[in-house]
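Residue-level listing of the chains:
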Amino acid sequence: MQSDRTDVLIVGAGLAGLSSAMFLGLHGVHSVVVERRRSTSTLPKARGQNPITMEALRVAGVAEAIHAAIPPGRPNITSVVSESMTGRVIHDHVANRPDFSRFSPERPGMASQAKTERAFAARARELGADIRFETSCESFEQDADGVQVVLRSLAADRLYRVSARYVIAADGIRGTLARKLGIGTHGHGLLTTATAVRFRADLSKIAGDSAMVVHYIQNPGLPDGAGVLVSTDYRNEWVANMSADPERDEAGTAEIIRTMVGLPDLDFEVLDSITYDYAHRIADRFREGRVFLVGDAAHVMPPTGGQGGNAAVQDGYYLGWKLAAVVQGRAGPELLDSHDAERRPYTEVVCTWQAANLAERRNMPGLGERVGKPMDHATMMFGYASLEGAFVPDGSGEVREFENPATPSGRPGARVPYAELPGIEGPLQPRKLLGPYFMVFTAARNGVAAAESAAKDFGLALKAYRVASVQPLGAEPEGTVLVRPDGVVAWRGADPADLEPALRTVLCR
Ligand SMILES: Cc1cc2nc3c(=O)[nH]c(=O)nc-3n(C[C@H](O)[C@H](O)[C@H](O)COP(=O)(O)OP(=O)(O)OC[C@H]3O[C@@H](n4cnc5c(N)ncnc54)[C@H](O)[C@@H]3O)c2cc1C
C-alpha cells in the first residue's frame with residue numbers, strides 16, 4: 001500500500017476542518033485534509049459569523065470574502081420569536097441585543113455555511129493545505145511517534161496509508177473517530193429531531209429586505225407548537241424547520257409551511273428536505289494522545305443561537321497556532337493539553353446556552369427546567385476567561401470563568417480587552433492588531449528590547465509596541481502585557497525581564 005507523510009492530517013472538510021487547515025497554513029504548517037464528500041457542503045445549514053469569529057477570519061485573510069458573501073438585501077438581520085411570519089412578534093432578538101461593537105472591532109458576518117466553506121477551502125489551499133475530496137478515513141492507530149492512518153480514495157476505490165505526526169478529528173456530528181479513541185460523551189443527549197424543508201416562494205412583500213431573516217415560530221397549529229423559518233442565499237428560497245414525523249405526507253408539510261408563513265393560500269414549491277437531530281452532547285475530553293477533536297466532533301448543540309458553526313471555526317483558530325508551534329519545535333508537546341483545558345469548558349457553556357435558547361424559543365418547559373435560563377448573550381460571547389491553559393496566572397483578585405465584558409479584567413487567560421492604548425506614535429488597539437504572531441504592549445523603558453530578545457531566543461514571530469500606559473488592558477500602568485496569537489493574554493507583569501520565563505512557561509519549553 002502506498003504511503004505518504006504529513007505533519008497534520010485533518011479528517012473532515014467542514015467548518016472545523018477547513019478552519020484548522022487555514023490557521024495551520026497561516027502559521028506555516030501544510031496539512032492534508034480528507035473529506036468523503038465530493039465538495040464542500042451545499043446544504044443550507046449555519047449562517048452568520050459572530051464578531052469573535054470575524055476577528056479570527058480577519059487574521060486568516062478571509063474576512064472580506066465573508067462580508068462579500070452577504071445574501072441579497074440590506075445588511076440587516078431580522079431575528080424574532082413570532083406567531084407566524086405575518087403574525088404577532090413576541091420577542092425581537094435584534095432590538096434587544098446589547099451593542100456588541102463595544103466588545104470587538106469586527107461586525108458580524110452573514111455568510112452561509114456553503115459560501116463560508118468554499119472561501120475557507122480556497123484560502124486553506126492558498127496557504128498550502130492539500131484538500132482531498134472523495135477520500136475517507138477508514139482506520140487509524142497511534143503510538144508515541146505518530147498516527148498511521150488508512151485512507152480510501154472513493155473515486156479510485158483504492159486504500160493507501162498516511163503517516164501523520166498529529167490528527168485533527170473534524171468529522172462532525174456523525175463522526176466516529178472520538179468513539180474509536182474511547183472518548184465518551186456527556187450532556188442532555190437527544191433533544192428533538194427536526195426536518196428542514198427547503199422551499200421556493202415569493203415572500204418579498206412580507207419578509208422585508210433584511211439579508212438574513214429568522215422567525216422562531218410559536219403557534220399551536222404547528223407540530224409541538226413550534227418551528228423555525230430561515231432565509232437562504234437566494235431571495236425566493238427559504239427553509240422551514242419543523243419537528244420530524246416519518247408519517248407526514250406532502251399535504252401535511254404544505255399545511256405546516258402555510259401556518260409558519262401565516263398565509264393559508266401561499267403558493268410554493270418544495271425543493272428538498274433533510275432530517276437531523278437537535279442534541280446536547282460534549283466529548284469527555286478533546287484530546288487523546290496525538291488526536292484532537294474540533295467542531296461538532298467535540299461538541300454538539302442545537303442550532304438555536306447560531307454558535308455551532310462559530311465554535312467550529314474558533315476551535316481551528318485556537319488550536320492552529322499551538323499545533324504549529326509544537327510541529328515546528330518552538331513549543332513543547334505539553335502546550336497541546338491546553339486545547340482541552342481552554343476549549344472544553346467554553347464550548348460546554350455554549351452548548352447549554354443553545355439548549356436554553358431552544359427551550360425558550362420553542363417553548364419546551366421540560367428542557368428549560370434542566371438547562372436553566374440562557375446566560376447573558378454578550379457574556380457568553382465575549383466574557384470567557386480560561387481558568388487553566390497556556391498562560392501564566394498572576395494571582396490577581398477573584399478569578400471567574402465568565403466576566404462581564406463591559407468590565408474585563410484583562411487577566412492572563414482572558415481575551416485582551418477591546419481598548420485603546422496611548423501609543424508613542426498615536427493610539428493603538430490591540431484587538432485590531434491581531435495576527436499570526438505574539439504581541440507585547442509595554443510601558444517599560446526596556447520592554448521592547450526584552451520582548452525582541454525573548455522572541456529571538458524562542459524563534460517566535462512577535463511584535464512589540466511601546467505605549468505610555470497599559471492600564472486600559474487592566475494591567476499596572478507601567479507594566480508589560482504579552483498577548484498570544486489568538487488574542488488571549490498570556491502574561492502581564494511589572495518587569496520585562498520576566499517576559500522570557502513567561503514565554504518559556506506558555507510554550508512549555
Ligand atoms: C439545519 C442546520 C442549521 C444550522 N444552523 C446553524 C447556524 O445558524 N449557525 C451556526 O453557527 N451553526 C448552525 N448549525 C450547526 C453547524 O452547521 C455545525 O455546527 C457545523 O457544520 C459543524 O462543523 P464541523 O466542521 O464540525 O462538522 P461538519 O460540517 O459536519 O463536517 C464534518 C465533515 O466530516 C466529514 N467526515 C466525517 N467522517 C469522515 C471520514 N471518516 N472520512 C472523511 N470525511 C469524513 C463529513 O462528510 C463532513 O463533511 C446548523 C446545523 C444544521 C444541521
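Conventions and cut-offs
- Residues numbered from 1 in each chain as written.
- Predicted model: local features only at pLDDT ≥ 70, side-chain atom pairs only at ≥ 80, totals over all residues.
- Heavy atoms only, no water.
- Helix = DSSP H or I, 4+ residues; strand = E, 2+ residues; numbered from the N terminus.
- Rg over C-alpha atoms; globule rule 2.2 N^0.38 Å.
- Contact = heavy atoms within 4.5 Å.
- Areas by Shrake-Rupley, 256 points an atom, 1.4 Å probe, with all protein chains shown as cover.
- Lys, Arg positive; Asp, Glu negative; His and termini not counted.
- Charge placed at Lys NZ, Arg CZ, Asp CG, Glu CD.
- Near = heavy atom within 4 Å.
- Polar contact = N/O pair within 3.5 Å; in protein donor to acceptor, adjacent residues only side chain to side chain.
- Nonpolar A, V, L, I, M, F, W, Y, C, P; charged D, E, K, R; others polar.
- Axes fitted to C-alpha atoms, helices over the stretch in contact; angles between N-to-C directions.
- Parallel < 35°, antiparallel > 145°, perpendicular 65-115°, else oblique.
- Left-handed = near helix turned anticlockwise from the far one by under 90°.
- Pairing = 2+ DSSP bridges.
- Domains from an automatic or database assignment.
- Buried area = accessible area lost by both parts, 1.4 Å probe.
- Salt bridge = Lys/Arg side-chain N within 4 Å of Asp/Glu carboxyl O.
- 1 Å grid on protein atoms, 1.4 Å probe; cavity = no way out; pocket = protein on both sides within 12 Å on 5 of 7 lines; lining within 4 Å.
- Points joined across faces, edges and corners; volume = space filled by probe spheres on them.
- Buried < 20%, exposed > 50% of the residue type's maximum accessible area, 1.4 Å probe, protein only.

S.K.: Go over the overall build of the chain, please, and point to the residues and values.
M.R.: Each helix and strand counted, the chain has 13 helices and 24 strands in total. In summary, the chain has a C-alpha radius of gyration of 23 Å against a globular reference of 23 Å for 509 residues, a match within 12%. The C-alpha extent of the chain, read off along each of the three principal axes, is 75 × 60 × 40 Å. Partitioning the contacts of the chain with sequence separation of at least 6, the portion at a separation of at least 24 is 71%. Accessible surface, the chain as shown: approximately 20,700 Å² in total, 47% of it carbon and sulfur. Where the 55 positive side-chain charges of the chain centre and where its 61 negative ones centre are 3 Å apart.

S.K.: With reference to specific residues and values, describe the site of the ligand.
M.R.: The immediate surroundings of the ligand are formed by 29 residues, with Glu 35, Arg 37, Gln 113, Gly 306 and Gly 309 found nearest. Between the ligand and Gly 306 there is a distance of 2.7 Å, counted from an oxygen atom to a backbone nitrogen or oxygen. Its free accessible area being 1,000 Å², the ligand has 88% of it covered by the protein chains. Looking at the shell around the ligand, the elements with two or more residues in it are helix H1 (15-26), strand E8 (135-142) and helix H8 (308-327). Within the shell around the ligand, the residues separate by chemical class into ten nonpolar, twelve polar and seven charged.

S.K.: Would you mind going over the packing of H1 against helix H2 (residues 51-60) in detail, with residue names and values included?
M.R.: Relative to each other, H1 and H2 sit at 45 degrees, their axes nearing to 10 Å. With respect to H2, the axis of H1 lies oblique. Helix-helix and strand crossings are classified by hand; for H1 and H2 the assignment is left-handed. Residue-level contacts link Met 22, Phe 23 and Leu 26 of H1 to Ala 56, Leu 57, Val 59 and Ala 60 of H2. A class-by-class count of the residues in the contact of H1 with H2 yields seven nonpolar, no polar and no charged.

S.K.: Explain the sheet that holds strand E21 (residues 438-442) to me, and be specific about the residues and the numbers.
M.R.: Read from one edge of the open sheet, four strands run E22-E21-E23-E24, paired in mixed fashion. For this open sheet the edge positions go to strand E22 (462-466) and strand E24 (489-493), each flanked by a neighbour on one side alone. Averaged over all adjacent pairs, the angle separating strand axes in this sheet is 15 degrees, with direction ignored.

S.K.: Let's hear about the domain arrangement of the chain: which residues, and what values?
M.R.: On domain assignment, one finds that the chain holds domain 1 (3-71 + 108-186 + 281-378), domain 2 (188-279) and domain 3 (391-506). Inter-centroid distance (C-alpha atoms) of domain 1 to domain 3 is 28 Å. Contacts between the two partners involve 17 residues from domain 1 and, on the opposite side, 19 residues from domain 3. Roughly 1,500 Å² is buried in total at the junction of domain 1 and domain 3, and carbon and sulfur atoms are behind 63% of that figure. Among the residues of domain 1 in contact with domain 3, Glu 55, Trp 321 and Arg 330 are the three that bury the most area, contributing 34% of the side total. Joining domain 1 to domain 3, the criterion identifies three salt bridges. At the surface where domain 1 touches domain 3, the tally comes to six residue pairs in polar contact (both at pLDDT 80 or more).

S.K.: Explain empty space enclosed by the protein to me, and be specific about the residues and the numbers.
M.R.: Applying the stated rule across the entire model yields three cavities of 30 Å³ or more. For the largest cavity, the calculated volume is near 180 Å³. Lining the largest cavity are 14 residues, with Tyr 318, Arg 343, Tyr 384, Arg 415 and Val 488 positioned closest to its centre. Among the secondary structure elements, those contributing two or more residues to the lining of the largest cavity are H8 and helix H9 (337-361). At three residues, the largest contribution of residues to the lining of the largest cavity is made by H9. Its residues placed into classes, the lining of the largest cavity shows seven nonpolar, three polar and four charged. Shared between two domains, the lining of the largest cavity holds at least three residues of each, these being domain 1 (3-71 + 108-186 + 281-378) and domain 3 (391-506). When its volume is computed, the second largest cavity comes out at roughly 60 Å³. Of all the elements in the fold, those that place two or more residues in the lining of the second largest cavity are strand E3 (47-49), strand E6 (109-112), helix H4 (113-126) and H8.

S.K.: I'd like a description of the environment of Gly 73, backed by residues and values.
M.R.: With respect to the secondary-structure elements, Gly 73 resides in the loop between helix H3 (63-68) and strand E4 (74-82). Given a relative accessible area of 42%, Gly 73 falls into the partly exposed group. Sequence-wise, Gly 73 and Thr 253 are 180 residues apart; in three dimensions their C-alpha atoms are separated by 28 Å. Apart from residues no more than four positions distant in its own chain, Gly 73 is found in contact with Asp 209 and Ala 211.

S.K.: Account for the side chain of Thr 232, with residues named and values stated.
M.R.: Note on placement: Thr 232 falls in the loop between strand E13 (226-231) and strand E14 (237-243). In this structure the side chain of Thr 232 is engaged in a polar contact, spanning 3.1 Å, whose partner is the backbone nitrogen of Tyr 234.

S.K.: Give a description of the pairing of E14 that names residues and reports values.
M.R.: Of all the seven residues making up E14, seven are buried; the element is thus mostly covered by neighbouring parts of the structure. Two strands pair when backbone bridges link them, and strand E11 (residues 185-200) and E14 are joined in this way by seven bridges, in the antiparallel orientation. The partner of Ala 196 across the bridge, within E14, is Asn 241. Relative to E14, E13 runs antiparallel, the two sharing five bridges. Bridge pairing in E14 links Val 228 to Asn 241. With antiparallel pairing between neighbouring strands as the criterion, E13 and E14 make up a hairpin whose turn holds five residues.

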